[in-house]
Amino acid sequence: MFAETYDDAGSRAGYCLYKLGCRGPETYNSCGNLRWWQGMSYPIQSGAACIGCSNRNFWDETPFSGRLPKYDKLGDADKIGVGLGVLTAAGVGAHAVASIIQRNQRDDLTEEEHKDR
């Protein structure tokens, strides 16, 4: 018996979520026995579909690619990481330049100006 939507009577009664994208029947793992969160629950028991995270090539499987949200607007993780690295390096460089300028301005003050501060 299969649930048709997450909010129907079948879903609330514990029907199979396979038609809703659950990968539990094709995932061979002991989630149901071990459970997560210190033995409290696992996705199927809590009413969520199994995503098959223990399947071989979990991230590379073509059928799975449409089941997680895609972040095409941001780009892939490598491009995001390189961009953040460049921004971090630019921030460190700007801080270094500002520190050097500030130190040079402080060194240019005369002794009387130092006393006035």
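Note that this is a predicted model, so its numbers are computed, not measured.

Rules used throughout
- Residues numbered from 1 in each chain as written.
- Predicted model: local features only at pLDDT ≥ 70, side-chain atom pairs only at ≥ 80, totals over all residues.
- Heavy atoms only, no water.
- Helix = DSSP H or I, 4+ residues; strand = E, 2+ residues; numbered from the N terminus.
- Buried < 20%, exposed > 50% of the residue type's maximum accessible area, 1.4 Å probe, protein only.
- Contact = heavy atoms within 4.5 Å.
- pLDDT = per-residue confidence, 0-100.

1. Examining the overall build of the protein chain
1) Next: Regarding its fold elements, the protein chain presents 5 helices and 0 strands.
2) Next: In sequence order, the protein chain lays out its α and β elements as α-α-α-α-α.
3) Next: In the protein chain, which comprises 117 residues, the share counted as buried stands at 15%.
4) Next: For the protein chain, the proportion of contacts with a sequence separation of at least 24, taken over those separated by at least 6, is 38%.

2. Some details on the confidence of the model for the protein chain
1) Next: Looking at the protein chain as a whole, its pLDDT mean stands at 78, while 77% of the residues score no less than 70.
2) Next: Ranking the elements of the protein chain by mean pLDDT puts helix α3 (residues 62-65) last with 52 and helix α4 (residues 77-107) first with 90.

3. Some details on the side chain of T27
1) Next: Position of T27 among the secondary structure elements: in the loop between α1 (9-12) and α2 (31-34).
2) Next: T27 gets classed as buried once you look at its relative accessible area, which sits at 12%.
3) Next: Excluding residues that lie within four positions of it along the chain, T27 makes contacts with C50, G52, S54 and N55.

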